[in-house]
Amino acid sequence: EFLEKFQRFLYSEPRLLSVNYSLKLIQNLKLFLNEAKELEYHNNDAYKSRKFTIKKEEITHIYLTLEELERMYNEDLKENPKLERVRDTFIVGCFTGLRFSDFTKLQPQHFKKIGEVEVLEIVTQKTNQKVTIPIHPKVQSILKKYDGIMPRPISNQKMNEYLKDLGELVKINDDIVISRTKGGQRTEEVFKKYDLISSHTARRSFATNSFKAGVPSISIMKITGHTTEKSFLQYIKISSEENAVLMAQNSFFKL
């Protein structure tokens, strides 16, 4: 009964919250209730029911293709040093799979050699796990450009703002339809792809492009930190058409 009332509150004016944001609030509430129970402030287990939740809604998330990243990488931005630094930082994220909090803080001590292989090794801020990642030639090129260190960092908010300007500049302007439920009503909005680019697009692009290139899921998961293949496959974003093209390359379809 409480959950139903809470949902009505979240979906009503003036909030009109989305399903997934409402789900996050319910998950946070359950964290507080768990802590409160451990402190013996209550003795109610109703919130532990599997029914005390709402179903997550699948939302369209974008990634940038290798062709789009190549265009971005090759864009001459010497007259716009601000966008150039943002572009270079973002490209490092796209070819390392690290989160914004990690790829913006890479230092020379994070880079080393394992035999003849150059890698970067970092303990991630969010999960406190060590990841070791082969260094892509584009990452090497950018680090060389900045004498082995990352470009001067900016806030995540500012980077997201500049990435949209950068995406528009290099004409990443496909129409993307986003369907979601807000305030209990199903809506559809059309966005230009550049309007949906954010710092997290880098991580999703890394996962999706490396998967499409044939890198085994388990190897990518070692970098992204996904613990199950199910959660990983929900994270990567390839269309049914892209999946069909990938399948066609398999020897099964060449018999």
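Report follows, based on the coordinates. Throughout this document, residue positions are counted from 1 along each chain, in the order its sequence is written. The model is predicted, so local features are restricted to residues of pLDDT at least 70 and side-chain atom pairs to those at 80 or more, both for listing and for counting; the totals for chains, interfaces and linings are taken over all residues. With hydrogens and water excluded, all non-hydrogen atoms of the structure serve as input to the side-chain values.

Regarding the overall build of the chain
Part 1 of the reasoning: Put simply, DSSP marks the helices as runs of H or I at least four residues long and the strands as runs of E at least two long, and each gets a number from the N terminus on. Secondary structure summary: the chain contains 11 helices and 5 strands in total.
Part 2 of the reasoning: Across its three principal axes, the chain shows a C-alpha extent of roughly 60 × 50 × 40 Å.
Part 3 of the reasoning: Sorting the 255 residues of the chain into buried and exposed places 39% on the buried side.
Part 4 of the reasoning: Here, residues are in contact when the closest pair of their heavy atoms is within 4.5 Å. Put simply, of all contacts in the chain between residues at least 6 apart along the chain, 58% involve residues at least 24 apart.
Part 5 of the reasoning: A residue counts as positive if it is Lys or Arg and as negative if it is Asp or Glu; His and the chain ends are not included. We put the charge of a Lys on NZ, of an Arg on CZ, of an Asp on CG and of a Glu on CD. Each charge sign in the chain was given a centre, from 41 positive and 33 negative side chains, and these centres are 4 Å apart. Exposure classes here rest on a 1.4 Å probe applied to the protein chains alone. A residue is buried below 20% of its type maximum, exposed above 50%, and partly exposed in between.

Topic: helix H6 (residues 137-145)
Part 1 of the reasoning: Residues of H6 that are buried include every one of Lys138, Val139, Ile142 and Leu143, and no others. End-on, the buried residues of H6 take up no more than an arc of 135 degrees, which puts them together on one face. In H6, the exposed positions that point more than 90 degrees away from the buried face belong to Pro137 and Lys144.
Part 2 of the reasoning: Buried residues along H6 sit in contact with helix H3 (66-74), helix H4 (81-94) and strand E1 (111-114). Comment: arc refers to directions from the helix axis out to C-beta atoms.

A look at the nonpolar core
Part 1 of the reasoning: Met72, Phe90, Leu98, Leu106, Leu120 and Ile197 are the most contacted members of the largest nonpolar core, which totals 47 residues.
Part 2 of the reasoning: With 6 residues, the single largest contributor to this core is H4.
Part 3 of the reasoning: Setting aside residues no more than four positions away along its own chain, Phe90 makes contact with Leu64, Leu69, Met72, Met159, Leu163, Ile197, Ser198, Ser199, Thr201 and Ala202.
Part 4 of the reasoning: Nine residue types can take part in a nonpolar core, namely buried Ala, Val, Leu, Ile, Met, Phe, Trp, Tyr and Cys, and a core is a set of them joined through side-chain atoms within 4.5 Å. Within the second largest apolar cluster, 11 residues are counted, among which are Phe6, Leu17, Tyr47 and Ile54.

Looking at unusual backbone geometry
Part 1 of the reasoning: With an omega dihedral of -5 degrees, the bond running from Glu13 to Pro14 counts as a cis peptide bond.
Part 2 of the reasoning: By the element assignment, Pro14 lies in the loop between helix H1 (2-11) and helix H2 (19-38).
Part 3 of the reasoning: Despite not being glycine, Asn128 has its phi angle at roughly 60 degrees, a positive value.
Part 4 of the reasoning: Tracing the chain through its elements places Asn128 in the loop between strand E2 (117-123) and strand E3 (130-134).
Part 5 of the reasoning: Taking the relative accessible area as the measure of exposure, Asn128 reaches 61% and is therefore exposed.

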